[in-house]
Amino acid sequence: MPKAVGTFSLDIHRKYHSDFSELRYLTFDIPECGSCKVKFDLRKGISDAIDKDQESIKQKMLDDMLTWILQERKADNGSIVDLQQPLRPLLTEFVCFRGLLTALIFTPYENQEGWKILATKFQNTIYLWQIKEQRENGNNFSRNPRNAKRMQEMTMWGFKFEQYLCSATPDSIPDPRQPLNTNAEFCCVLKTKLAGKSLLYGAEVDALQKECQPPFKNLENFVELKTNRHIETERQNDSFLKFKSMKWWAQSFIVGIPKIVVGYRDDDGVVSRLKTIEVKQLPKESQGFWEAKIGMNFCQGFLEFARNCISKDSDSNIQYLFEFNPRKRTVSFCREAGEACRNLLPSWYVESMQE
Ligand code: A3P
Ligand code: MG
Ligand code: MG
């Protein structure tokens, strides 16, 4: 079970706060198992919603994780640094965000979208970051402005759904009329071992069960929230099992979140049914479509590959690029040449770690 070693909040301007200000509680009453009927209009107020600042995300790369690491070293509470020698290098082999791990786990089944991962090694820790490109290479469908607008609106539906179920305190009720700004996030920092390799990674989390309070040692009391179109035919069910359920599983499994609350919606964004899914059931229900072991093996294999490729250098000025091509089904590797807008590790981090 991954261990939760810290948290931080990002406000609506994506500014870092070392507090619980963006933690949300699941305060809507949901049956433990089975499903219940609701009526949530995900379109309500959506035209005023503010979407994630992609430019800020691209510029900041791993910075929020790095800020957390530096604060933790100063606090010296022994969770990630050696208690006897608090200024020793970070005692973890890899630092990244959870989204990168989810993408790696899904790679054996990915036949549409490639990925690019930027990597650097510093003081024996490998830092990994997924370069997300604007989809100018999108397909004919998404290039059509009308379709693009609809896709953008549907992206906001997932966040609107969170507003219907969550509130900022455990004793208040959800208020979906609140302005929606998807820049705000509550993140957990986790530590785990994968095939003997130690990982430290950040993950945005959706909601904590209202009976629980921070601090927490793991994420067993958190829930992941998801929306999905109603599944009415066998074909739709197969499509869910083939393209979506492994991503859902990987995203929650890798942080130790046991439950997903799903809101089933129609094409107009009206959710009429809620259902709680056990994360551990997903691989069983998806037999014949994907195997958890295949995904985890690929993820571990990639980390090993990255470690071998980078083994000689420990210099944050040297960066590497790993690229997955879904058509050729290859992962290529090169010394990075100008893909990223800046070094993955900023000088304020490197200098502070050398003090
Ligand atoms: P849904 O998953 O309910 O559609 P997460 O579920 O990971 O907490 O993300 C919250 C919401 O962000 C998603 O809600 C979806 O609306 C949007 N989102 C996340 N990843 C996305 C992606 N790769 N493409 C489009 N939208 C995405
Ligand atoms: Mg989320
Ligand atoms: Mg979610």
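Residues numbered from 1 in each chain as written. Chains lettered and ligands numbered in written order. Predicted model: local features only at pLDDT ≥ 70, side-chain atom pairs only at ≥ 80, totals over all residues. Heavy atoms only, no water.

Caption draft 1: Expanded view of the layout of surface pockets. Space inside the second largest pocket adds up to approximately 560 Å³. Lining the second largest pocket we find 24 residues, and of these Glu-22, Arg-24, Gln-163, Leu-180 and Ala-184 sit closest to its centre. Going through the elements one at a time, helix H5 (145-165), strand S8 (166-167) and strand S9 (185-194) are the ones with two or more residues in the lining of the second largest pocket. Considered class by class, the residues forming the lining of the second largest pocket number 11 nonpolar, 5 polar and 8 charged. (1 Å grid on protein atoms, 1.4 Å probe; cavity = no way out; pocket = protein on both sides within 12 Å on 5 of 7 lines; lining within 4 Å. Points joined across faces, edges and corners; volume = space filled by probe spheres on them. Helix = DSSP H or I, 4+ residues; strand = E, 2+ residues; numbered from the N terminus. Nonpolar A, V, L, I, M, F, W, Y, C, P; charged D, E, K, R; others polar.)

Caption draft 2: Region of interest: the coordination of the magnesium ion (ligand 3). Around the magnesium ion (ligand 3), the protein contributes the donor atoms Asp-206 (OD), Glu-224 (OE) and Leu-225 (O), which lie 2.0 to 2.2 Å from the metal centre. For the magnesium ion (ligand 3), the donor residues sit on a single chain with the sequence spacing D-x17-E-L. Here the magnesium ion (ligand 2) and the magnesium ion (ligand 3) are spaced 3.6 Å from one another, each receiving a donor from Asp-206. (Donors = N, O, S within 2.8 Å, 3.2 Å for Na, K, Ca; no water.)

Caption draft 3: Looking closely at the site of ligand 1. Every residue close to ligand 1 is listed here: Thr-155, Gly-158, Phe-159, Glu-162, Glu-204, Asp-206, Glu-224, Leu-225, Lys-226, Thr-227 and Gln-251. Between ligand 1 and Thr-155, the relevant distance is 2.5 Å, taken from an oxygen atom to a main-chain nitrogen or oxygen of the residue. Within the side chain of Glu-224, a nitrogen or oxygen atom sits 3.0 Å from an oxygen atom of ligand 1. About the coverage of ligand 1: the protein hides 61% of its 530 Å² of free accessible area. Breaking the shell around ligand 1 down by element, the ones donating at least two residues are H5 and strand S12 (222-229). Classifying every residue of the shell around ligand 1 by side-chain character gives 2 nonpolar, 4 polar and 5 charged. (Near = heavy atom within 4 Å. Polar contact = N/O pair within 3.5 Å; in protein donor to acceptor, adjacent residues only side chain to side chain. Areas by Shrake-Rupley, 256 points an atom, 1.4 Å probe, with all protein chains shown as cover.)

Caption draft 4: Highlighting the coordination of the magnesium ion (ligand 2). With distances of 2.1 Å, the protein atoms coordinating the magnesium ion (ligand 2) are Glu-204 (OE) and Asp-206 (OD). What makes Glu-204 partly exposed here is its relative accessible area of 24%. (Buried < 20%, exposed > 50% of the residue type's maximum accessible area, 1.4 Å probe, protein only.)

Caption draft 5: Just helix H8 (residues 292-310), in detail. Here H8 spans 27 Å end to end across 19 residues, near enough to the 27 Å set by a 1.5 Å rise per residue. Listed as buried for H8 are Ala-292, Gly-295, Met-296, Cys-299, Gln-300, Phe-302, Leu-303, Ala-306, Cys-309 and Ile-310. (Expected span 1.5 Å × (residues − 1).)

Caption draft 6: Here's a closer look at the packing of aromatic side chains. Applying the stated criterion to the full structure yields 19 aromatic pairs. Arranged with centres 6.3 Å apart and planes meeting at 50 degrees, the rings of Phe-40 and Phe-161 form a pair that is tilted. With Phe-40 in strand S4 (residues 35-41) and Phe-161 in helix H5, this residue pair connects regions lying 121 residues apart in the sequence. Residue Phe-40 shares its accessibility class with Phe-161, and that shared class is buried. (Phe/Tyr/Trp six-rings, centres within 6.5 Å; stacked < 30°, edge-to-face > 60°.)

Caption draft 7: Structural view of the pattern of salt bridges. Taken as a whole and assessed by the stated rule, the structure comprises 18 salt bridges. Here Glu-153 ties to Arg-43 by a salt bridge, and the two come within 2.9 Å at their closest N and O atoms. Taken as a pair, Glu-153 in helix H5 and Arg-43 in the loop between S4 and helix H1 (54-60) lie far apart in primary sequence, 110 residues in all. Of the charged contacts, one joins Arg-229 and Glu-232 as a salt bridge, the two residues approaching to 3.6 Å between their closest N and O atoms. Salt bridges here are not isolated pairs; linked through shared partners, they connect Glu-93, Lys-197, Glu-304 and Arg-307. (Salt bridge = Lys/Arg side-chain N within 4 Å of Asp/Glu carboxyl O.)

Caption draft 8: Quick look at the nonpolar core. Counting 56 residues, the largest nonpolar core has Leu-101, Leu-128, Leu-219, Phe-222, Trp-249 and Phe-322 as the members making the most contacts within it. Here the element with the most residues in this core is H8; it accounts for 8 residues. Once residues within four sequence positions are removed from consideration, Leu-128 is found in contact with Leu-62, Phe-94, Val-95, Cys-96, Leu-100, Ile-117, Leu-118, Ala-119, Leu-303 and Leu-344. In this structure, Leu-70, Leu-90, Val-95 and Trp-129 belong to the second largest nonpolar core, which totals 28 residues. (Core = buried A, V, L, I, M, F, W, Y, C linked by side-chain atoms within 4.5 Å. Contact = heavy atoms within 4.5 Å.)

Caption draft 9: Structural detail: the sheet that holds strand S14 (residues 270-278). The strand order across the open sheet formed by 7 strands is S4-S14-S13-S12-S11-S3-S8, and the pairing between neighbours is mixed. Unpaired on one side and paired on the other, S4 and S8 mark the two borders of the sheet. Where strand S3 (residues 25-26) meets S8, 2 bridges bridge the pair, whose relative direction is antiparallel. Paired with Tyr-25 across the two strands is Ser-167, which belongs to S8. (Pairing = 2+ DSSP bridges.)

Caption draft 10: Geometry of the environment of Ser-239. Within the secondary structure, Ser-239 sits in helix H6 (residues 234-253). Taking the relative accessible area as the measure of exposure, Ser-239 reaches 34% and is therefore partly exposed. Placed 50 residues apart in sequence, Ser-239 and Phe-289 show a C-alpha to C-alpha distance of 9.7 Å.

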